[in-house]
Amino acid sequence: MQPLPAITPVPSALPRPRPRRFRPVLRWALTLAVVGAGLGAAPAAHAVGAGLGAAPAAHAASPYQRGPAPTVTSIEATRGAFAIAQSTVTASSVTGFGGGTVYYPTSTAEGTFGAVAISPGYTAAQSSVAWLGPRLASQGFVVITIDTLSRYDQPGSRGTQLLAALDYLTNTSSVRTRIDRNRLAVMGHSMGGGGSLSAANTRPQLQAAIPLTGWHTVKSWSGVRVPTLVIGAENDSVAPVTSHSEPFYTSLPSTLDKAYLELNNASHSAPTSSNVTVAKYSISWLKRFVDDDTRYEQFLCPASQPSTTIQEYRNTCPHS
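Residues numbered from 1 in each chain as written. Predicted model: local features only at pLDDT ≥ 70, side-chain atom pairs only at ≥ 80, totals over all residues. Heavy atoms only, no water.

## Here we look at the state of the cysteines
Structurally, a disulfide amounts to a covalent bond that connects the sulfur atoms of two cysteines. Quick note on the threshold: In this description, the term disulfide denotes a pair of cysteine sulfurs within 2.5 Å. Strands are runs of DSSP state E lasting at least 2 residues, helices are runs of H or I lasting at least 4, and numbering of each runs from the N terminus. A simple rule labels every residue: compare its accessible area, found with a 1.4 Å probe on the protein chains alone, to the largest value its type can have, and call it buried under 20%, exposed over 50%, or partly exposed in between.
Summed over all chains, the structure comprises one disulfide. Between the sulfur atoms of Cys 301 and its disulfide partner Cys 317 the distance amounts to 1.8 Å. Measuring the twist about the S-S bond at about -80°, one finds the Cys 301-Cys 317 disulfide to be left-handed. With Cys 301 in the loop between helix 7 (276-290) and strand 9 (310-315) and Cys 317 in the segment after strand 9, this residue pair connects regions lying 16 residues apart in the sequence. Look at Cys 301 and you get buried, because its relative accessible area is 7%. Residue classification places Cys 317 among the partly exposed positions, given a relative accessible area of 27%.

## Some remarks on helix 5 (residues 191-202)
An α-helical turn contains 3.6 residues, so any two residues separated by three or four positions project in the same direction. Quick note on the threshold: Each residue after the first adds 1.5 Å to the expected span of a helix. Residue contacts are defined here by distance: any two heavy atoms, one from each residue, within 4.5 Å place the two residues in contact.
Here helix 5 contains twelve residues, and its C-alpha end-to-end distance of 16 Å stays within 8% of the 16 Å for a straight helix at 1.5 Å per residue. Burial analysis of helix 5 places ten of its twelve residues in the buried class, the great majority of the element. Turning to helix 5, its buried residues number three or more, namely Met 191, Gly 192, Gly 193, Gly 194, Gly 195, Ser 196, Leu 197, Ser 198, Ala 199 and Ala 200. The elements touched by buried residues of helix 5 are strand 3 (113-119), helix 4 (155-171), strand 5 (179-189), strand 6 (208-212), strand 7 (228-233) and helix 6 (245-251).

## Observations regarding the environment of Ala 259
Of note, Ala 259 is situated in strand 8 (residues 258-263). For Ala 259, a relative accessible area of 0% gives the class buried. Along the chain, Ala 259 and Thr 316 lie 57 residues apart, while their C-alpha atoms are 6.6 Å from each other. Setting aside residues no more than four positions away along its own chain, Ala 259 makes contact with Thr 228, Leu 229, Val 230, Tyr 249, Trp 285, Tyr 313, Arg 314 and Asn 315.

## Section: helix 7
Going by this rule: Polar contact is defined as a pair of N or O atoms within 3.5 Å, subject to the rule that within protein one atom must be able to donate a hydrogen and the other to accept it, and that residues adjacent in sequence are counted only when both atoms are side-chain atoms.
Taking 1.5 Å of rise per residue, the 15 residues of helix 7 would be expected to cover 21 Å, and the 20 Å separating its terminal C-alpha atoms lies within 8% of that figure. Along helix 7, 14 of the 15 residues are buried, which leaves the element largely enclosed by surrounding structure. One side-chain oxygen of the residue at the start of helix 7 lies 3.1 Å from the amide nitrogen of Thr 277, identifying that residue as Asn 275.

## Re the packing of aromatic side chains
Our working definition: Between rings of Phe, Tyr and Trp, where Trp is taken as its six-membered ring, a pair exists when centres lie within 6.5 Å; planes separated by under 30 degrees are stacked, by over 60 edge-to-face, and by other angles tilted. A ring has a charge above it when a Lys NZ or an Arg CZ is no more than 6 Å from the ring centre and no more than 35 degrees off the ring normal.
If you walk through the whole model with that rule in mind, you get seven aromatic pairs. Taking 4.6 Å as the distance between ring centres and 50° as the angle between the ring planes, the aromatic pair formed by Trp 285 and Phe 289 counts as tilted. With Trp 285 and Phe 289 both in helix 7, this residue pair falls four residues apart, about one helical turn. Both residues of the pair, Trp 285 and Phe 289, belong to the buried class. Lying across the ring of Tyr 249, Lys 258 places its NZ or CZ 4.4 Å from the centre. Between the NZ or CZ atom of Arg 288 and the centre of the ring of Phe 289, over which it lies, the distance is 5.1 Å.

## Structural notes on the pattern of salt bridges
Here is the rule: Here, a salt bridge means any Lys or Arg side-chain nitrogen found within 4 Å of an Asp or Glu carboxyl oxygen.
Across all of its chains, the model carries nine salt bridges by this definition. The salt bridge involving Arg 288 is made with Glu 297; its shortest N-O contact spans 2.6 Å. For Glu 312, the salt bridge identified is with Arg 314, shortest N-O distance 2.5 Å. Classification of Glu 312 as partly exposed rests on a relative accessible area of 25%. A single network of salt bridges, built from pairs that share partners, joins Asp 180, Arg 183, Lys 287 and Asp 291.

Laid out in structure tokens, this is it:
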């Protein structure tokens, strides 16, 4: 548990404009119309596990889908379908953040990948979020877990450093040609989670944000235009959900694609070690909004019911 204190861009292989995800009410009808007109193919229906929602009947396949059709087993597994490698980024070789570790799929046969930067919390090193690196990369993302310039950096600074890490990945890193710079996301734990909200507020071009038991003195995020999954913990005494995760979620625009997941009987440090619930919802959120992969909609909509692992789940389905 953490104590409470007070790129010259590389063009994507598939460049695209990305409008903000305020949910147009006609999207589902339009998608069905496109499919019916023969302009897209709807993926087959997938089996859904207990407590998880059913996927919409038809969607045009996204050109950014990576990997096989998902199942409950595949998103709960410790590793996905992609073989991965990793490389160390020294603090002395970069500016704007404190170095880190890059995890990435070794094959680019399916095209470029979205990228995710992840920050630790107050006084913590990247080791506290390191488990997410290979977990997400093996599902088809380039991931950097960062060290911050100081272990005492506040959320706003951590947000700036997350963006600096993404800029490094897409501009100068050795994996830059593997990344679609239009498909980027941020995550973080505790003050790093607060930093992910700050980063999303600063850079609306991001495709997803996931604060993990986030901590921030700012409670209102009505200006955020990035699809955001807020993950809180029922027994968090460092960043209680009543004064952090819940206000973060409710302050986000009602028209935004957003969700609130509260971990049942969990503490502030729950996201700092391997956690199946954190992983499968994070993977599904990143796949859905970074990759536009509607095959993962089944794991997000409709809202999951309370269970031994989930205290509460809220969302704004259907997603745009």
